[in-house]
Amino acid sequence: MASLSSFFLFSMLSFLIGIAQAQLSSDFYASSCPNAISTIQTAVNNAVAQESRMGASLLRLHFHDCFVLGCDASILLNDTDSFTGEKTAGGNSNSVRGYEVIDTIKSQLESLCPGVVSCADIVAVAARDSVVALGGPTWTVQLGRRDSTTASLSTANSDLPPPTSDLSSLITLFSNKGFTTQEMVALSGTHTIGKAQCSKFRDRIYNETNINATFATEKQGICPSDGGDENLSDLDESTNVFDNVYFTNLIDQKGLLHSDQQLYNGGSTDSIVESYSSDSSAFFTDVANAMVKMGNLSPLTGTDGEIRTNCWKVNG
C-alpha cells in the first residue's frame, strides 16, 4: 500500500510539473507583446556594451532567482512589512547586480504592453541575451512565467551554493533542484564571465595548497590578507568572453573560488572538466540545455502569482 501511495504521489507531482512547463511557450508574447523579446535584447546589448561585467551580473541574477522558490522574480522584491526579501541573503547582499537594468526594461515594456510581460520572463531572457552578447551559446527561452507575491530570505540563505562549497555540497545542492552532476559542472562554467569580491576568495589564495603559486601571488596583489573585501578579480583569464577557458584554468589550478577548484581536485568531476576544456562546443551545448532546464524550475503560471507593474514591489 505504501509503495502504491508513493507511486501515486510521484505521478501526481510529475503531472503537475508537466502542466506548469506545458503552459510555458517560446511564443507566449507573439500576439500580446510582439516586440517584447527584441526590446529586452536591445536593452541588454546596450547595458553589456556599456559595461561587459553586466552580462555576468544579469546571468547570475537569473540563477539566484531560480534557485530560490523557482524562476518567479522573487529576488527583485524589496523588503516589506509582511516579509523580508532575498536581496540581503548571504549570497546576494552587496553582490547581486543588474536590478536597474531589469527596471529599465520593465519600464519600456510597460509603455509598450502594460501589464503583460512578467519580471520573471525579463530576467530569464536577459540572462540568455547576456551570454550571447559575450560570445556564448543561445537557447530558446520558454515564456509565460508569472511573478511571485512574496520572497524568502531563509530559502535564499539555505539553497544558494556558497563559494566555500566542497564538491559533495555542490552535487547535493544542484541535485536538490533536479540537476545531474554533469549539468552542475556545465552551469559552474558560467563563471567564465564575471568577477568575484576579495572576501569570497581570500581564504583560498592565502591558505589552500591546490593552487598555482604564481596565480595565488597575483591575486594576493588584488586581495590583501586584511581589508579590501570588495576588491574585484576576474573569475577566469578571459572574463569578458563566454568561452571554456574557465575549465582550462581549473586544470592549471587557477580556480579563483574554492568551489571552482573543487570541480578539478581529484574527484568525480575531473573528467567532465577535462572534456569541456578541450571541447568548447560540448560545453556550449550542455550549458545551453542546462539553462533551459533551470529556467523551468517551478514557474508560476496560469492564474498563480501576478504580473508586477514594478519589479521591486508587489502590485496594490
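Each remark here, short or long, concerns the structure printed above.
Residues numbered from 1 in each chain as written. Predicted model: local features only at pLDDT ≥ 70, side-chain atom pairs only at ≥ 80, totals over all residues. Heavy atoms only, no water.

A.B. asks: How would you sum up the overall build of the protein? Please name residues and give values.
C.D. replies: Counting its regular elements, the protein contains 14 helices and 2 strands. For the protein, whose C-alpha radius of gyration is 20 Å, the value lies close to the compact-globule estimate of 20 Å for 316 residues. The C-alpha extent of the protein, read off along each of the three principal axes, is 55 × 55 × 40 Å. A separation threshold of at least 6 residues defines the contact pool for the protein, and within that pool the share at least 24 residues apart is 75%. On the protein, roughly 13800 Å² of surface is accessible, and the fraction owed to carbon and sulfur atoms is 51%. The averaged location of the 34 negative side-chain charges in the protein is 4 Å from the averaged location of its 18 positive side-chain charges. (Helix = DSSP H or I, 4+ residues; strand = E, 2+ residues; numbered from the N terminus. Rg over C-alpha atoms; globule rule 2.2 N^0.38 Å. Contact = heavy atoms within 4.5 Å. Areas by Shrake-Rupley, 256 points an atom, 1.4 Å probe, with all protein chains shown as cover. Lys, Arg positive; Asp, Glu negative; His and termini not counted. Charge placed at Lys NZ, Arg CZ, Asp CG, Glu CD.)

A.B. asks: Any details on the pattern of salt bridges? Residues and values, ideally.
C.D. replies: The tally for this structure, following the rule as stated, stands at 11 salt bridges. The salt bridge involving Arg204 is made with Glu208; its shortest N-O contact spans 2.9 Å. Here the two residues Arg204 and Glu208 agree in accessibility, since each one is buried. (Salt bridge = Lys/Arg side-chain N within 4 Å of Asp/Glu carboxyl O. Buried < 20%, exposed > 50% of the residue type's maximum accessible area, 1.4 Å probe, protein only.)

A.B. asks: Describe the side chain of Asn249, naming the residues involved and giving the relevant values.
C.D. replies: Within the element layout of this structure, Asn249 appears in helix 11 (residues 245-251). Given the relative accessible area of 3%, Asn249 is considered buried. Here Asn249 is in contact with Asp236, Glu237, Lys254 and Gly255, once residues within four sequence places are set aside.

A.B. asks: Describe in detail the state of the cysteines, supporting the description with residues and values.
C.D. replies: Taken as a whole, this structure holds 4 disulfides when the rule is applied. At a sulfur-sulfur separation of 2.0 Å, the disulfide partner of Cys66 is Cys71. Because the torsion about its S-S bond is 115°, the bridge between Cys66 and Cys71 counts as right-handed. Classification of Cys66 as buried rests on a relative accessible area of 2%. The class of Cys71 is buried, set by a relative accessible area of 1%. (Disulfide = S-S within 2.5 Å.)

A.B. asks: Can you lay out unusual backbone geometry for me, pointing to particular residues and giving the numbers?
C.D. replies: Non-glycine residue Leu69 carries a positive phi angle of around 70°. Counting through the fold element by element, Leu69 comes out in the loop between helix 3 (53-66) and helix 4 (99-112). Among the residues examined, Leu69 registers a relative accessible area of 37% and is labelled partly exposed.

A.B. asks: Quick one: what's the story with empty space enclosed by the protein, residue by residue and with numbers?
C.D. replies: Scanning the entire structure with this criterion turns up 1 cavity of 30 Å³ or more. What lines the largest cavity is His62, Ala124, Trp139, Thr140, Val141, Gln142, Arg145, Met291, Val292, Gly295 and Asn296. Tallying contributions element by element places helix 14 (residues 280-295) first for the lining of the largest cavity, with 3 residues. Of the residues assigned to the lining of the largest cavity, the class counts are 5 nonpolar, 5 polar and 1 charged. (1 Å grid on protein atoms, 1.4 Å probe; cavity = no way out; pocket = protein on both sides within 12 Å on 5 of 7 lines; lining within 4 Å. Points joined across faces, edges and corners; volume = space filled by probe spheres on them. Nonpolar A, V, L, I, M, F, W, Y, C, P; charged D, E, K, R; others polar.)

A.B. asks: Residues and numbers for the packing of aromatic side chains, please.
C.D. replies: In the structure shown here, the tally under the stated rule is 13 aromatic pairs. Plain terms: the ring middles of Phe242 and Phe283 are 5.8 Å apart, the flat faces sit at 0° to each other, and that makes the pair stacked. With Phe242 in the loop between strand 2 (232-234) and helix 11 and Phe283 in helix 14, this residue pair connects regions lying 41 residues apart in the sequence. Judged by its relative accessible area of 2%, Phe242 falls in the buried class. A residue is classified by how much of its surface remains accessible, and Phe283, at 0% relative accessible area, is buried. Between Phe283 and Phe284 the ring centres are 5.9 Å apart and the planes differ by 65°, which places this aromatic pair in the edge-to-face class. Taken together, Phe242, Tyr246, Phe247, Tyr276, Phe283 and Phe284 form an aromatic cluster joined through their ring pairs. Taking NZ or CZ as reference, Lys87 lies 4.4 Å from the ring centre of Tyr99, over its face. (Phe/Tyr/Trp six-rings, centres within 6.5 Å; stacked < 30°, edge-to-face > 60°. Lys NZ or Arg CZ within 6 Å of the ring centre and 35° of its normal.)

A.B. asks: Got a sec to walk through the nonpolar core? Specific residues and values, please.
C.D. replies: Of all hydrophobic cores here, the largest spans 71 residues; its most connected members are Leu76, Ile102 and Leu263. Ranked by residue count, the leading element in this core is helix 5 (residues 119-133), at 9 residues. Setting aside its immediate chain neighbours within four residues, Ile102 contacts Leu58, Leu61, Leu76, Ile122, Val123, Ala126 and Cys311. Counting 11 residues, the second-largest nonpolar core is a separate cluster that includes Cys198, Phe201, Ala216 and Leu235. (Core = buried A, V, L, I, M, F, W, Y, C linked by side-chain atoms within 4.5 Å.)

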